[in-house]
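What follows is the residue order along each chain.
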Amino acid sequence: MNRQEQISQIVVTAQQMRDIEARIFAAGMPVAALMEKVAGLIASRIQTLYLSEDTILEDAEREKFPASPRHRVTASSSFPRLNKIGILVGPGHNGGDALVVARELHFQGLEVCIWCPFSKLKELTSQHLQYAQSLGIPCYQSIEDLPDCDLLVDGLFGFGLERELKDSVASAINHLNDKSVPIISIDVPSGLHTDTGEVLGTAIRASYTFCLGLWKLGLLQDQALEYVGKAELIDFDIPWADVEAVLGNPQVKRITRATALSTLPLPRPPVTHKYKEGHLLLICGSRRYSGGAILTGLGARASGVGMLSIAVPESIKSIMVSHLPEALIVGCPETKTGAIAQLQLPENTDLSSFSAIACGPGLTKDAVPIVQQVLESANPLVLDADGLNILAEMGTSQTLQKRNALTVLTPHTGEFKRLFPELPDAKQDRIKAVRAAAKESRAVVLLKGARTAIADPQGSIWINPESTPALARGGSGDVLTGLMSGLIAQAVTRQLPIEKMVATAAWWHAQAGILAAQERTELGVDAFTLTEYLIRVISTTLEISDRC
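Read on for a plain summary of the structure.

About the cut-offs
In this numbering scheme, every chain counts its residues from 1 along its sequence in written order. With the structure being a predicted model, the display of local features is reserved for residues of pLDDT at least 70 and the display and counting of side-chain atom pairs for 80 or more, all residues being used for whole-chain, interface and lining totals. Processing note: side-chain calculations cover all non-hydrogen atoms of the structure and skip hydrogens and water entirely. The classification of residues rests on relative accessible area computed with a 1.4 Å probe and restricted to protein chains. Under 20% of the type maximum is buried, over 50% is exposed, and intermediate values are partly exposed. Labels follow the DSSP assignment, with helices taken as runs of H or I lasting at least four residues and strands as runs of E lasting at least two, numbered in each case from the N terminus. Here, a strand pair is defined by DSSP locating no fewer than two bridges between the strands. Axis definition: a line fitted to C-alpha atoms, over the contacting stretch in the case of helices. Angles run 0 to 180 degrees between N-to-C directions. These descriptions rest on fixed angle ranges, namely under 35 degrees for roughly parallel, over 145 for roughly antiparallel, 65 to 115 for roughly perpendicular, and the rest for oblique. Crossings are assigned a handedness: left-handed for a near helix turned anticlockwise from the far helix by less than a right angle, right-handed for a clockwise turn. A contact between two residues is defined here by any heavy atoms of the two lying within 4.5 Å. Amino acids are sorted into nonpolar (Ala, Val, Leu, Ile, Met, Phe, Trp, Tyr, Cys and Pro), charged (Asp, Glu, Lys and Arg) and polar (every other residue, Gly among them). To pair, rings of Phe, Tyr and Trp, with the six-membered ring standing in for Trp, must have centres within 6.5 Å; the planes then decide the type, stacked if under 30 degrees apart, edge-to-face if over 60, and tilted in the middle. Side-chain atoms alone can form a polar contact between residues adjacent in sequence; in general such a contact is a pair of N or O atoms within 3.5 Å, and within protein one must be able to donate a hydrogen while the other accepts it. The way it works is a 1 Å grid over only the protein atoms, where trapped points that fit a 1.4 Å probe form a cavity and open points with protein on both sides within 12 Å along at least five of seven lines form a pocket, and then any residue with an atom within 4 Å of a point lines it. Grid points are joined across faces, edges and corners, and a volume is the space filled by probe spheres set on the points.

1. Observations concerning the pairing of strand E11 (residues 230–234)
Part 1 of the reasoning: Residues Lys 230, Glu 232 and Ile 234 of E11 are buried on one face, while the alternating residues Ala 231 and Leu 233, pointing to the opposite face, are not.
Part 2 of the reasoning: Bridge count for strand E9 (residues 208–212) against E11 is five bridges, and the pairing is parallel. Paired with Tyr 208 across the two strands is Lys 230, which belongs to E11.

2. Remarks on the packing of helix H5 (residues 93–107) against helix H6 (residues 123–134)
Part 1 of the reasoning: Two numbers describe how H5 lies on H6: the axes approach to 8 Å, and their chain directions differ by 25°. Judged on the interaxial angle alone, H6 and H5 are roughly parallel. The chirality of how H5 crosses H6 is left-handed. Between H5 and H6, the residues in contact are His 93, Gly 95, Gly 96, Leu 99, Val 100, Arg 103 and Phe 107 and Leu 124, Thr 125, His 128, Leu 129 and Tyr 131, respectively.
Part 2 of the reasoning: Residue composition of the contact of H5 with H6, grouped by class: six nonpolar, five polar and one charged.

3. A few points about the environment of Glu 36
Part 1 of the reasoning: Within the secondary structure layout, Glu 36 lies in helix H3 (residues 31–50).
Part 2 of the reasoning: When neighbours within four sequence positions are excluded, Glu 36 is seen to be in contact with Val 100, Arg 103 and His 128.

4. As for the packing of aromatic side chains
Part 1 of the reasoning: Inspection of the entire model under this criterion finds three aromatic pairs.
Part 2 of the reasoning: Between the aromatic rings of Phe 118 and Phe 157, the centroid separation amounts to 5.8 Å while the plane-to-plane angle is 80°, which identifies the pairing as edge-to-face. In this pair, Phe 118 is assigned in the loop between strand E5 (112–115) and H6 and Phe 157 in the loop between strand E7 (151–155) and helix H7 (167–178), connecting sequence segments 39 residues apart. The residues Phe 118 and Phe 157 share a single accessibility class, namely buried.
Part 3 of the reasoning: Geometrically, the ring pair formed by Phe 416 and Phe 420 is tilted, given 5.2 Å between the ring centres and 45° between the ring planes.
Part 4 of the reasoning: Taking relative accessible area as the criterion, Phe 416 reaches 2% and is therefore assigned buried.

5. Brief notes about the sheet that holds strand E14 (residues 307–313)
Part 1 of the reasoning: Spatial strand order, E12-E21-E20-E19-E18-E17-E16-E13-E14-E15: ten strands in an open sheet with mixed pairing. Because the sheet does not close on itself, it has two edges, and the strands there are strand E12 (252–254) and strand E15 (328–332). This sheet shows a mean twist of 15° between the axes of neighbouring strands, independent of strand direction.
Part 2 of the reasoning: In the sheet, strand E13 (residues 279–283) pairs with E14 via five bridges, with the strands oriented parallel. The partner of His 279 across the bridge, within E14, is Met 307.
Part 3 of the reasoning: The sheet contacts of helix H11 (residues 290–302) involve E13 and E14, and relative to E14 the element is tilted by about 175°.

6. Examining the side chain of Lys 216
Part 1 of the reasoning: Looking at the element boundaries, Lys 216 is found in strand E10 (residues 215–216).
Part 2 of the reasoning: Using a relative accessible area of 0% as the deciding quantity, one classes Lys 216 as buried.
Part 3 of the reasoning: Side-chain polar atoms of Lys 216 contact the backbone oxygen of Leu 214, separated by 2.8 Å.
Part 4 of the reasoning: With sequence-adjacent residues up to four places away left out, Lys 216 is seen in contact with Val 11, Val 12, Met 17, Phe 159, Asp 187, Val 188, Thr 194 and Cys 211.

7. Details of empty space enclosed by the protein
Part 1 of the reasoning: The full count for this structure, using the stated rule, is one cavity of 30 Å³ or more.
Part 2 of the reasoning: Here the largest cavity is characterised by a volume of approximately 40 Å³.
Part 3 of the reasoning: What lines the largest cavity is Val 444, Ile 454, Ala 455, Asp 456, Ser 460, Trp 462, Glu 499 and Lys 500.
Part 4 of the reasoning: If you list the elements that add at least two residues to the lining of the largest cavity, you get strand E20 (453–455) and helix H19 (498–520).
Part 5 of the reasoning: Along the lines of polarity and charge, the residues of the lining of the largest cavity split into four nonpolar, one polar and three charged.

8. What about the layout of surface pockets?
Part 1 of the reasoning: Estimated volume of the second largest pocket: approximately 570 Å³.
Part 2 of the reasoning: Lining the second largest pocket are 23 residues, and of these Glu 21, His 93, Asn 94, Gly 158 and Phe 159 sit closest to its centre.
Part 3 of the reasoning: Residue assignment for the lining of the second largest pocket shows that the elements contributing at least two residues are helix H2 (14–26), H3 and H5.
Part 4 of the reasoning: Counted by class, the lining of the second largest pocket contains 13 nonpolar, four polar and six charged residues.

This is the structure we're talking about:
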């Protein structure tokens, strides 16, 4: 993995970024020189986005689905011609960055104006403001005096803001948000907490956020997303040695295309057979919820698992066979309510025969004995849906701490609260919550959301940096459970890292949703349709990688 790929994975807190910058400055890099470099990169990116006559926006560059076609747009058709650019200047070095951007755009012949409501500025920022004014760039202290602009550049507050914004600054931010003018935020939208993504009173609603150097944790929290807009990393060549010195083995990482593809069980060895490619047992479905079993099975099929067995109530066996003819469908005795009453595996087969087990979708809470049985097994186990609800009633952590095999939990925020009622609210700080849950339960915990977060018991965290609201449909989680379980079964037989396979599944599932939404709109991606895009997205992604 090259440096660019390594940098694109790293996620830091405000304190970690301070420590890394301190090393850079201690080594002799002048603050002023770094400010010039960063601002030059930002100004160049603004020109590419808004000013080029023939701008090519490549999805692969921006971490969108890499297989989608390149979009050629012109400044006149997709982005309005910029008659005036407003620069929002704060008192710190983030404001200094914005002032250098203002100067560079001014030198390009653009009409620029500055709003700086602060009387006290850091020395370097103050010097840049004086120089900008000497160039004839107008500067305003009152937001009412700022002329109408076609674009705003937000340099009010950088990373590390912790106090709530109030009074005139908060009112000004709300006023600017109401104008519906495109805003580019430098590093972090002003008003967002760098680590949690919490809105500190109010915050800039950015169209783009140019994150500087390394990804900031708050930008990947669900509660920040409506303020971040499209996030891009401005890589200003932080020495990798400084990153390693501060972070060691980084504990929080973004799932990137490169890392996801590196863990796929491909290529297969030239001599193999179905059981060498994993044998997965799905335990799911009920008379009332047969769809959950079907969707989980289809997700597992797309994973390429060598052998797929699905245990369902006898009454839905025939419908399962019609949808998954290649799977071994095991009809089980059922309760009066149509849930599985007991597992009835084929002769000479027990739970130890399987590489991995997944349990829960469509199961209903009447299947308590089934969940208890699989928890007592020595297999890697994925629990979802009713499997999680039953586990919560049994007592999550005390139950899982007795297991000797890996457990993967896949809750949404409501299920997470039931599983871990004593832990921090996942809606406030998803990263803190999922890390605590994994440590307490000794399980890999995948917390679903717009930015799915995955934690293992050792404290490592993976965040899926991109998804689509199209996946907010019933059944899409069942597809993820099947896909993930099939990959885990293959990881077991191939001795691949299971925890990383969970991250790969989350990325693959999201990318399939993105592709489907591009072709069918966000309204057209039901869970069944999603399964049809799983292989398409991975095959096209591999083609792109081969060409690169």
